[in-house]
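The lines below spell out each chain.
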Protein chains: 2
Amino acid sequence: MELSERKRKILQAIIRNYLETGEPVGSRTISKYTDLNLSSATIRNEMADLEEMGYILQPHTSAGRIPSDAGYRLYVDAMMLEKQKEVDDLKVELLDKEEKLDSLLKQTAKLLATNTNYATLVSSPTLHRNKLKFIQLSKVGGNQLLAVIVAEGNLIKNSILPIDEEIDDENILKLNILLNTHLNGLSIEEINLGMITMMKQQAGIHSDIIGDVIDAVAAAIHEEDDLEIYTSGTNNIFKYPELSDNQRASELITTFEEKQLLGKLVQDTLADENNTGIQVYIGNESPISEMNDCSIVTATYDLGDGMKGTIGIVGPKRMDYDKVVDNLKTVMKQLDSIYKQ
Amino acid sequence: MELSERKRKILQAIIRNYLETGEPVGSRTISKYTDLNLSSATIRNEMADLEEMGYILQPHTSAGRIPSDAGYRLYVDAMMLEKQKEVDDLKVELLDKEEKLDSLLKQTAKLLATNTNYATLVSSPTLHRNKLKFIQLSKVGGNQLLAVIVAEGNLIKNSILPIDEEIDDENILKLNILLNTHLNGLSIEEINLGMITMMKQQAGIHSDIIGDVIDAVAAAIHEEDDLEIYTSGTNNIFKYPELSDNQRASELITTFEEKQLLGKLVQDTLADENNTGIQVYIGNESPISEMNDCSIVTATYDLGDGMKGTIGIVGPKRMDYDKVVDNLKTVMKQLDSIYKQ
DNA sequence: TATTAGCACTCACACATATCGAGTGCTAAT
DNA sequence: ATTAGCACTCGATATGTGTGAGTGCTAATA
């Protein structure tokens with residue numbers, strides 16, 4: 001069957017209405033709501049068609065219609081197309097400049113949560129792709145070394161390395177020079193076994209201990225530093241009855257607390273390179289099965305120097321996509337401008 | 001009125017039963033439950049007395065009785081007294097040795113949550129009271145310094161200091177020596193304005209920039225580094241109907257997400273020095289008003305070197321105090337032994 | 001005097017029943 | 001092609017009715 005212009009309008013009206021009320025929408029409502037000047041009976045016929053086509057469904061026999069995932073998808077795609085032209089300057093409270101990146105990201109999550117009334121998450125950038133800027137070993141206590149690793153974007157990682165044998169200051173100095181001359185400027189992915197054996201050789205393997213330390217530093221560099229994810233407004237899910245029955249709420253809360261589950265989403269978003277910056281997952285499209293009753297809108301922020309991360313907004317399928325996308329765009333713009341100074 | 005031995009037994013029976021079932025307890029139940037061999041009528045009389053004394057209450061006229069906060073308090077105090085003697089060796093899965101403190105604490109929270117079926121929180125130690133062990137400044141990039149501050153217990157803090165003017169390596173070396181000779185071994189609280197001006201003088205105020213850097217380091221040291229709090233098992237609150245209506249659940253979830261609210265609890269617990277290690281807050285006794293419908297059991301862990309933190313377990317007022325206390329004690333013991341190696 | 005049997009009473013809760021109204025699909029008229 | 005009209009469906013809401021666990025009180029009992 002063909003999706004006529006009229007059907008499109010009716011579908012859109014149904015969705016708009018449902019987004020607002022959360023109640024199934026009846027034919028009479030649409031008959032008045034739109035400027036089509038059609039009777040409810042006609043609408044009913046069209047609705048029957050739309051149902052057959054899979055864009056809407058009836059929760060039970062004598063109820064109105066609600067949008068199906070496919071219906072939402074159609075709607076969202078159309079909206080995104082609109083938005084591309086639009087350079088909407090939404091008034092959103094400004095993010096404060098924060099000295100620390102993590103405060104900034106936490107604040108971002110909070111701002112979006114209060115603004116949109118949905119649950120939000122923001123991932124911190126990981127230094128995997130970043131270039132090493134600086135490495136420093138220092139003695140702390142008799143049998144421990146502190147390794148400080150700084151990557152571009154001033155992402156810092158500390159690691160305490162236990163050592164078996166005392167190392168004198170001179171050797172530490174040598175090691176520092178060795179490490180920095182070889183590794184600076186490389187991205188973490190580029191540091192492989194070859195590099196490491198090469199360094200060991202150059203250190204002159206006069207003592208095992210030096211080799212051990214080099215290994216330890218390499219390990220520290222590669223160590224999966226667990227992706228930080230900040231969440232906010234989890235409690236917002238209680239504002240939407242369709243998400244807040246005990247079963248569902250419990251699952252969602254758990255997902256938000258066990259942040260590593262959200263990692264999937266973050267990776268998924270970052271992986272998709274060719275996107276315009278904003279992605280929408282509706283219901284089952286979500287990479288996180290616990291969120292199959294939700295919609296998720298994500299965006300990738302880029303603060304330069306390889307500092308990329310993900311912002312996500314999670315709400316009911318009938319979320320106000322329009323508002324969410326606007327908010328995300330505005331926040332991205334703000335993040336961008338904060339970085340540029 | 002006097003709290004006779006018999007009344008005490010009846011009260012205890014009521015509480016025990018209510019802890020299990022969560023339902024108001026009737027006189028007939030108690031008549032059989034205990035070995036007192038009293039008829040339900042007698043029990044009823046005693047119950048009327050207990051109610052007058054404020055230890056139990058009736059949710060509505062024709063219902064059984066439930067314990068009041070005062071009743072719980074009596075019960076818990078008696079139990080704690082018991083426990084003091086008891087060296088209970090509960091079988092609780094072992095914590096793994098983790099290289100990183102934060103993983104260990106996260107794991108602790110999780111273990112306790114799955115074991116007890118309540119929500120848990122664990123605070124990381126703060127370095128306020130700890131002695132400085134080591135400070136290091138390094139240049140990263142043209143106009144930025146990296147300050148690494150290590151305190152006893154290997155608590156590490158990084159701070160990027162922006163500087164106006166280039167500093168040469170020689171001066172950085174001098175600064176490092178100056179900072180370390182003066183500050184090492186002091187606790188953060190001991191570093192005051194006097195110290196700082198003293199250092200500035202000794203540095204010879206030949207250049208403003210040195211003074212600025214010293215100030216920045218001092219600021220970095222004192223900077224409130226926000227108390228990390230790890231939570232787990234928040235979803236457990238849904239297992240207790242008295243906590244999981246939307247209103248209450250939403251509040252609790254928010255409290256657990258906005259971790260700084262939990263800070264109050266942590267401070268409260270740490271402040272109380274003279275305790276045996278475990279504290280119980282029942283209902284309104286809680287320092288967090290959002291948790292007035294809950295009970296909270298807290299303990300202070302001490303990994304030595306001033307690394308103290310708080311563990312908390314939050315559940316309904318009818319929580320299994322016995323089990324919770326046992327679990328906490330066992331976990332403390334395990335933490336202790338992990339540290340000692 | 002302390003305990004208990006007995007009885008009238010209360011009240012939440014479960015269940016059945018009736019009513020209402022928003023919504024539908026279908027048919028026949030326009 | 002559109003629409004008025006009508007019978008029908010079904011969730012939601014209100015209403016009535018029993019049921020049972022529980023109570024307090026009184027009078028009998030040990």
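As a reminder, the structure under discussion sits directly above these lines.
What counts, and at which threshold
Residues numbered from 1 in each chain as written. Chains lettered and ligands numbered in written order. Predicted model: local features only at pLDDT ≥ 70, side-chain atom pairs only at ≥ 80, totals over all residues. Heavy atoms only, no water. Pairing = 2+ DSSP bridges. Helix = DSSP H or I, 4+ residues; strand = E, 2+ residues; numbered from the N terminus. Axes fitted to C-alpha atoms, helices over the stretch in contact; angles between N-to-C directions. Contact = heavy atoms within 4.5 Å. Buried < 20%, exposed > 50% of the residue type's maximum accessible area, 1.4 Å probe, protein only. Least-squares fit on C-alpha atoms with pLDDT ≥ 70 in both. Salt bridge = Lys/Arg side-chain N within 4 Å of Asp/Glu carboxyl O. Expected span 1.5 Å × (residues − 1). Near = heavy atom within 4 Å. Polar contact = N/O pair within 3.5 Å; in protein donor to acceptor, adjacent residues only side chain to side chain. Nonpolar A, V, L, I, M, F, W, Y, C, P; charged D, E, K, R; others polar.

**Focus: the sheet that holds strand 4 (residues 132-139) of chain A**
Residue and element names in this part refer to chain A. Ordered in space as 4-5-6, the three strands form an open sheet in which the pairing is antiparallel. Because the sheet does not close on itself, it has two edges, and the strands there are strand 4 and strand 6 (155-162). On average, each strand axis in the sheet is tilted by 15° relative to the strand beside it, whichever way the strands run. The sheet contact formed by strand 4 and strand 5 (residues 144-151) spans seven bridges and is antiparallel. Bridging from a neighbouring strand, isoleucine 135 pairs with isoleucine 149 of strand 5. Along the sheet face, helix 8 (residues 208-222) touches strand 4, strand 5 and strand 6 and points at about 140° away from the line of strand 6.

**Considerations on the pairing of strand 4 (residues 132-139) of chain B**
Counting buried positions over the eight residues of strand 4 of chain B gives six, a clear majority of the element. The hairpin formed by strand 4 of chain B and strand 5 (residues 144-151) of chain B contains four residues between the paired strands, and glycine 141 of chain B there has a positive phi angle of roughly 75°.

**A few points about the relation of the copies chain B and chain A**
Rotating chain B by 180° and moving it 0.1 Å along the rotation axis overlays it on chain A with an RMSD of 0.1 Å. What the rotation and shift describe, once combined, is the action of a two-fold rotation axis. A share of 100% of the interface residues of chain B reappears at the interface of chain A, consistent with the copies meeting face to face through the same patch.

**Points about the pattern of salt bridges**
Residues and elements named next belong to chain B. Here the structure, examined in full by the defined rule, presents 34 salt bridges over all chains. Salt-bridge contacts for glutamate 242 lead to arginine 318; the nearest nitrogen and oxygen are separated by 2.6 Å. Here glutamate 242, found in the loop between strand 7 (229-232) and helix 9 (246-257), pairs with arginine 318, found in the loop between strand 10 (308-316) and helix 11 (321-340); they are 76 residues apart in sequence, far enough to count as distant. The partly exposed category is assigned to glutamate 242, whose relative accessible area is 29%.

**A word on helix 9 of chain B**
Along its 12 residues, helix 9 of chain B runs 16 Å from first to last C-alpha, staying within 8% of the 16 Å computed at 1.5 Å per residue. Listing the buried residues of helix 9 of chain B in full gives Ala249, Ser250, Leu252, Ile253, Thr255, Phe256 and Glu257 of chain B.

**Observations concerning helix 1 (residues 5-21) of chain A**
With 17 residues, helix 1 of chain A extends 24 Å between its outermost C-alpha atoms, agreeing within 8% with the 24 Å of an ideal straight helix rising 1.5 Å per residue. Positioned one or two residues after helix 1 of chain A, glycine 22 of chain A has a phi angle of 80°, which is positive.

**Examining the environment of proline 59 of chain B**
Residue and element names in this part refer to chain B. Structurally, the position occupied by proline 59 is in the loop between strand 1 (56-57) and strand 2 (66-67). What makes proline 59 partly exposed here is its relative accessible area of 47%. Proline 59 sits 35 residues away from proline 24 along the chain, and the two C-alpha atoms are 7.9 Å apart. The residues touching proline 59, leaving out its near neighbours within four places in the chain, are Pro24, Gly64 and Ile66.

**Some details on the protein's contact with DNA strand D**
Surveying the vicinity of DNA strand D reveals 21 residues, the closest of which are Arg6, Thr42 and Ser62 of chain A together with Ser27 and Arg65 of chain B. Backbone atoms, meaning sugar and phosphate, make up 81% of the atoms of DNA strand D lying within 4 Å of the protein. In this structure, a phosphate oxygen belonging to DNA strand D sits 2.7 Å away from a side-chain N or O atom of threonine 42 of chain A. In the model, a phosphate oxygen of DNA strand D is placed 3.0 Å from a nitrogen or oxygen of the threonine 61 of chain A side chain. For the surface near DNA strand D, the secondary structure elements donating two or more residues are helix 3 (40-53) of chain A together with helix 3 (40-53) of chain B. For the surface near DNA strand D, the element with the highest residue contribution is helix 3 of chain A, accounting for four residues. Residue composition of the surface near DNA strand D, by class: four nonpolar, 13 polar and four charged.

**Side note on the protein's contact with DNA strand C**
Near DNA strand C there are 21 residues, and of these Ser27 and Arg65 of chain A together with Arg6, Thr42 and Ser62 of chain B occur at the shortest range. Each atom of DNA strand C within 4 Å of the protein was assigned to sugar, phosphate or base; sugar and phosphate come to 80%. Taking threonine 61 of chain B, its side chain carries an N or O atom lying 3.0 Å from a phosphate oxygen of DNA strand C. At a separation of 2.8 Å, a sugar or linking oxygen of DNA strand C approaches a polar side-chain atom of serine 62 of chain B. Elements that contribute at least two residues to the surface near DNA strand C include exactly helix 3 of chain A together with helix 3 of chain B. The element that contributes the greatest number of residues to the surface near DNA strand C is helix 3 of chain B, accounting for four residues. Residues belonging to the surface near DNA strand C are distributed by class as follows: four nonpolar, 13 polar and four charged.

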